[in-house]
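Observations on the model geometry
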Amino acid sequence: MLKNLCKQQINLLKTCASLQQQVRTTFILKRKYEPPLHKINQKPEKLRGRHHIYELVEDTTTTKANNIEVVLKTFVEGVGKKGEVISVKPNLAYNKLLLPGLAVYKTEENIAKYAPTEADKSQVEHSSPFAQRTVNMLERLNLAVVMNKDHPWVIEPWHIKASLRKAGYICKEECITIPKEPIEGPDLNKEGKEFYCTVTINNLEKARVKCRIHHWSTDPSERLPYVFEHWKLPSEPLFGSAEPSSEEVKK
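Rules behind the numbers
Residues numbered from 1 in each chain as written. Predicted model: local features only at pLDDT ≥ 70, side-chain atom pairs only at ≥ 80, totals over all residues. Heavy atoms only, no water. Pairing = 2+ DSSP bridges. Helix = DSSP H or I, 4+ residues; strand = E, 2+ residues; numbered from the N terminus. Axes fitted to C-alpha atoms, helices over the stretch in contact; angles between N-to-C directions. Contact = heavy atoms within 4.5 Å. pLDDT = per-residue confidence, 0-100. Buried < 20%, exposed > 50% of the residue type's maximum accessible area, 1.4 Å probe, protein only.

**Remarks on the sheet that holds strand β3 (residues 68-72)**
- The strand order β4-β3-β5 describes an open sheet built from three strands, whose pairing is antiparallel. Lying at the two open borders of the sheet, with one neighbouring strand each, are β4 (85-88) and β5 (103-105). Within this sheet the neighbouring strands show an average axis-to-axis angle of 40°, counted without direction.
- Bridging between β3 and β4 involves four bridges; their strand directions are antiparallel. Paired with Val71 across the two strands is Val85, which belongs to β4.
- Along the sheet face, helix α2 (residues 90-98) touches β3, β4 and β5 and points at about 25° away from the line of β3.

Next comes the structure, spelled out in structure tokens:
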């Protein structure tokens, strides 16, 4: 009975040890007062209290770790493309690239193994590592298109450009595609209703941006009542339910 219990404990210890990770907690110290030397073949003198006073030279837990060079096995959004050698921080390399299997350590064999082939070069999926991230940010945006309440207007691409600039996005007018059906106003029936426009990034990626019409007047007495966090409220489509899907826009 005792033998079986001992064996079981040893197996449990082995299992726990396999899950442990190395922790770097090394402190490099030096004596503040050097101990006296002793003669050959004589017993060293007993150390005194001052000889046990140490000064900290280096704490490895606070030392900045060097970057790690890895080779990407595939395209990684915001990082790079397949076969690219990048230098990143250890935490990013371990948690986001090496453990998920998106990259390997930089060696001559890995560089040759994951070098992009002619087929990979011919299939251009992303214009840059950050293009897809920009698409994701634009598609999460609820863009407010503020139009005049007192004078007639027709929405044009430069209206969307100005609204994007106000939201913190710089975009050229020729990269914006608005619906073919004209959007005219002022029309309070269109207040708060949404439509979609397409923003082309680097002549390749396309982002489908949700826009909402808001009327504004320079006369304070003619302004509409303020709605708190209006972008969180449900809205109706401007052209009914016949809005293009994201797959149709990309095609």
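**Re the confidence of the model for the chain**
- Across the chain, the average pLDDT comes to 82, with 84% of residues at 70 or higher.
- Contacts of residues 12-19 to residues separated by more than four positions or lying in other chains number zero contacts, the stretch itself having pLDDT below 50.
- Predicted confidence is poor over residues 244-251, with pLDDT under 50, and the contacts of this stretch with residues over four places away or in other chains come to eight contacts.

**Brief notes about the side chain of Asp59**
- With respect to the secondary-structure elements, Asp59 resides in strand β2 (residues 54-59).
- Owing to a relative accessible area of 16%, Asp59 belongs among the buried residues under this scheme.
- Residue contacts for Asp59: discarding those within four places in its chain leaves Thr26 and Phe27.

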